[in-house]
Amino acid sequence: MFLPGLEETMNEREKYVFGNICARRSIRRYVEGRPVEKEKITRLLEAAMAAPSACNIQPWEFIVCTDKTVIDKIKAVVFPGNGDYNTPLIMIVCGNPKFIPWENDVGTIDCAAAIQNMLLAAEAMDLGSVWIGAFKNEDIRGLLGIPDNIHPVGMVYFGYPAYNPEPRTQYVEQAIHWEKYDADRIQEKRKGCIV
């Protein structure tokens, strides 16, 4: 899971953190009939709200959906092939720009950090998750009553995983530039890219 020789240089805390990061995988199939407990949902939200935020504005808002009827309606507005998974829990993360003093920002980066925190917390709690970004924004707004001034940034499906992929790193030297960008470097599709 770690790069060769790296594990020997790590302390126990590093091994746990990096192990959790490498074990986090997108899970698209969940154990049928097993809901996520409310305590775990609360912990996921606590992890989300511990994310960094510009000027500590904390522009995130969360819509928690556990009702199967609502979940099925949400899945219907996700772009085909990008979210028809049997999740028992969907969280929609929205940006509220009310207190953001600069223009053209709805809190997207802050919300993305909150989502990443939830993904990592889910892994530590033996939950599976997958970040869904391809959805029909206006349909989600209408379905969930999201006002025009609030911006759906992403959604995450959670549940108990029906399978457990092996941990892995996606470290590639080609993504690293030292001191300045190497514009002459040949760009290649990264291993595992599904586009």
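Residues numbered from 1 in each chain as written. Predicted model: local features only at pLDDT ≥ 70, side-chain atom pairs only at ≥ 80, totals over all residues. Heavy atoms only, no water.

Phi angles above zero are rare outside glycine, and Asp126 is one such case at about 65°. Positionally, Asp126 belongs in the loop between helix 4 (108–124) and strand 3 (128–132). Backbone geometry places Glu179, a non-glycine residue, at a positive phi of 70°. Tracing the backbone shows Glu179 in the segment after strand 4 (151–159). Owing to a relative accessible area of 81%, Glu179 belongs among the exposed residues under this scheme. (Helix = DSSP H or I, 4+ residues; strand = E, 2+ residues; numbered from the N terminus. Buried < 20%, exposed > 50% of the residue type's maximum accessible area, 1.4 Å probe, protein only.)

Bringing helix 2 (residues 38–48) into the picture now. Within the sequence span of helix 2, burial applies to Lys40, Ile41, Leu44, Leu45, Ala47 and Ala48. The arc that holds every buried residue of helix 2, seen down its axis, measures 160°, which confines them to one face. Away from its buried face by more than 90 degrees, helix 2 exposes Lys38, Glu39 and Glu46. Contact partners of the buried residues in helix 2: strand 1 (60–65), strand 2 (89–95), helix 4 and strand 4. (Arc of directions from axis to C-beta. Contact = heavy atoms within 4.5 Å.)

With seven of seven residues buried, strand 2 is to be regarded as a mostly interior element. Side chains of strand 2 alternate between two faces, with Leu89, Met91, Val93 and Gly95 and Ile90, Ile92 and Cys94 buried alike. Note that strand 1 and strand 2 share six bridges and pair antiparallel. When the sheet's bridge partners are listed, Cys65 is paired in strand 2 with Ile90. Relative to strand 4, strand 2 runs antiparallel, the two sharing seven bridges. The residue of strand 4 that forms the bridge with Val93 is Gly154. (Pairing = 2+ DSSP bridges.)

Now for the state of the cysteines. Inspection of the entire model under this criterion finds zero disulfides. The closest cysteine sulfur to the non-disulfide-bonded Cys22 is located on Cys193, 19 Å from its own sulfur. On the basis of relative accessible area, Cys22 is assigned to the buried category, the value being 8%. Left unpaired, Cys111 is separated from the closest cysteine sulfur, that of Cys94, by 7.5 Å. (Disulfide = S-S within 2.5 Å.)

Moving on, we come to the packing of helix 1 (residues 12–23) against helix 4. Pairs of packed helices are described in terms of their axes, by the angle between the two and the distance that separates them. In contact at an axis separation of 9 Å, helix 1 and helix 4 are set at 100° when each is read in the N-to-C sense. Looking at the two axes, helix 1 sits roughly perpendicular to helix 4. Residues Tyr16, Asn20, Ile21 and Ala23 of helix 1 form the contact with helix 4, whose own contacting residues are Leu120, Glu123 and Ala124. A breakdown of the residues in the contact of helix 1 with helix 4 according to their chemical character gives five nonpolar, one polar and one charged. (Axes fitted to C-alpha atoms, helices over the stretch in contact; angles between N-to-C directions. Parallel < 35°, antiparallel > 145°, perpendicular 65-115°, else oblique. Nonpolar A, V, L, I, M, F, W, Y, C, P; charged D, E, K, R; others polar.)

Before going further, it helps to examine the packing of helix 2 against helix 4. Two elements in contact, helix 2 and helix 4, have axes separated by 7 Å at closest approach and are oriented at 135°. One element, helix 2, and the other, helix 4, form an angle in the oblique class. Taken as a pair, helix 2 and helix 4 cross one another with a handedness that is right-handed. Together, Leu44, Ala47 and Ala48 of helix 2 and Ala114, Asn117, Met118, Ala121 and Ala122 of helix 4 make up the contact between the two elements. Residue composition of the contact of helix 2 with helix 4, by class: seven nonpolar, one polar and no charged. (Left-handed = near helix turned anticlockwise from the far one by under 90°.)

Okay, the sheet that holds strand 4 next. Taken in spatial order, the four strands of this open sheet run 1-2-4-3, and their pairing is antiparallel. The sheet terminates laterally at strand 1 and strand 3, the two strands that pair on one side only. For this sheet, the mean angle separating the axes of adjacent strands, direction not counted, is 20°.

So, on to the layout of surface pockets. Taken as a whole, the largest pocket encloses approximately 280 Å³ of empty space. For the lining of the largest pocket, the class distribution of residues is four nonpolar, three polar and four charged. (1 Å grid on protein atoms, 1.4 Å probe; cavity = no way out; pocket = protein on both sides within 12 Å on 5 of 7 lines; lining within 4 Å. Points joined across faces, edges and corners; volume = space filled by probe spheres on them.)

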